[in-house]
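The residues making up each chain are set out below.
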Amino acid sequence: MHAPARALSGRKRSGDTPPMSEPVSIQRADGRAATPSPGGDPTGGRRARGPEEPTRILVLNPKGGCGKTTVATNLACWYAHAGRQVSLIDHDAQGSSTHWLGLRPRGLPAVHSVPAYRQESPGQTRAFQFRLPFEPSRVVIDTPAGAPNTEVRRLLRLADVVLVPMLPSAIDIHALTNFIDRLEREREHRPIAIVANRMRSKTLGSQRLTAHLAGLDIPVIAALHDLQAYVRCAETGRGLHDMD
């Protein structure tokens, strides 16, 4: 399993017992497997960057309740376990990622919090809010639901890679179709990948989503099962990779 799928599914390195089964297999319309970029990192090495320039991973979907914070926190957690210096930037006014980090137990691999939604003082600039005490190698960006087009474009300019969480429902499939069309026009060089979320084997919704994603020319890097483990992680400041 490639790195992003391990990060989100909780599978650890060889010799460890994973807390869940393998992600659902999804095929493209042309019959090729829908897999992540070569090398296991969401960026696939597509853009050359300096030794101190972090990879910025944007978790984006204007549809609410699709699992953006679940994806963002578990991805940040996996990078921390992999020995990366990682920052989690929270653009959602609900502050869910920031709250999750506030619950994170001491002794677990560190994830640095950047509550970008919070303005500490009227004169504080956005650039000041983003100042970090170290140079991270990975920056994961959690985003709000219902972001207007201008905000989506601004967030895209922050990113090297875009991950789109997706739920197996007719409403979410319809919303995804419109959003992907818009994203394709505005993404420029940025790779896009989909994370299928809350999948349940042999259910009609999951089967419909699998069929729909197979017709897109966009990689599906992970399919997350509908597990209470994600709920427990959200309540305790952990990711699946922290669990025994």
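Just above, that's the structure.
Conventions and cut-offs
Residues numbered from 1 in each chain as written. Predicted model: local features only at pLDDT ≥ 70, side-chain atom pairs only at ≥ 80, totals over all residues. Heavy atoms only, no water. Phe/Tyr/Trp six-rings, centres within 6.5 Å; stacked < 30°, edge-to-face > 60°. Salt bridge = Lys/Arg side-chain N within 4 Å of Asp/Glu carboxyl O. Helix = DSSP H or I, 4+ residues; strand = E, 2+ residues; numbered from the N terminus. Buried < 20%, exposed > 50% of the residue type's maximum accessible area, 1.4 Å probe, protein only. Axes fitted to C-alpha atoms, helices over the stretch in contact; angles between N-to-C directions. Parallel < 35°, antiparallel > 145°, perpendicular 65-115°, else oblique. Left-handed = near helix turned anticlockwise from the far one by under 90°. Contact = heavy atoms within 4.5 Å. Nonpolar A, V, L, I, M, F, W, Y, C, P; charged D, E, K, R; others polar.

Notes on the packing of aromatic side chains
Then comes step 1: This model, assessed by the stated rule, comprises one aromatic pair.
Then comes step 2: With 5.5 Å between their ring centres and 65° between their planes, Trp78 and Tyr79 make a pair best called edge-to-face.

Here's the deal with the pattern of salt bridges
Opposite charge on two side chains allows them to pair when their charged atoms are near.
Then comes step 1: Enumeration according to the criterion identifies six salt bridges in this entry.
Then comes step 2: Linking Glu151 and Arg154 is a salt bridge whose minimum nitrogen-to-oxygen distance equals 2.8 Å. Of the two residues, Glu151 and Arg154 both sit in helix H5 (residues 149-157), three residues apart, roughly one turn of that helix.
Then comes step 3: Assessed through its relative accessible area of 17%, Arg154 is described here as buried.

A few points about the packing of helix H2 (residues 68-81) against helix H3 (residues 96-103)
Then comes step 1: At a minimum axis distance of 10 Å, the contact between H2 and H3 shows a crossing angle of 40°. On the basis of the axis angle, H2 is oblique to H3. Read as a crossing pair, H2 and H3 show a hand that is right-handed. Across the interface between the two elements, Thr69, Thr73 and Cys77 from H2 touch Ser96, Ser97 and Trp100 from H3.
Then comes step 2: Residue composition of the contact of H2 with H3, by class: two nonpolar, four polar and no charged.

Considering unusual backbone geometry
Then comes step 1: Not every positive phi belongs to a glycine, and Arg198 is a case in point at roughly 55°.
Then comes step 2: With respect to the helices, strands and loops of the structure, Arg198 is situated in strand S6 (residues 192-199).
Then comes step 3: For Arg198, a relative accessible area of 40% gives the class partly exposed.
Then comes step 4: If you check the backbone angles, Lys202 has positive phi at about 65° while not being a glycine.
Then comes step 5: Along the chain, the position of Lys202 falls in the loop between S6 and helix H7 (204-214).
Then comes step 6: According to the relative accessible area criterion, Lys202 is exposed, its value standing at 79%.

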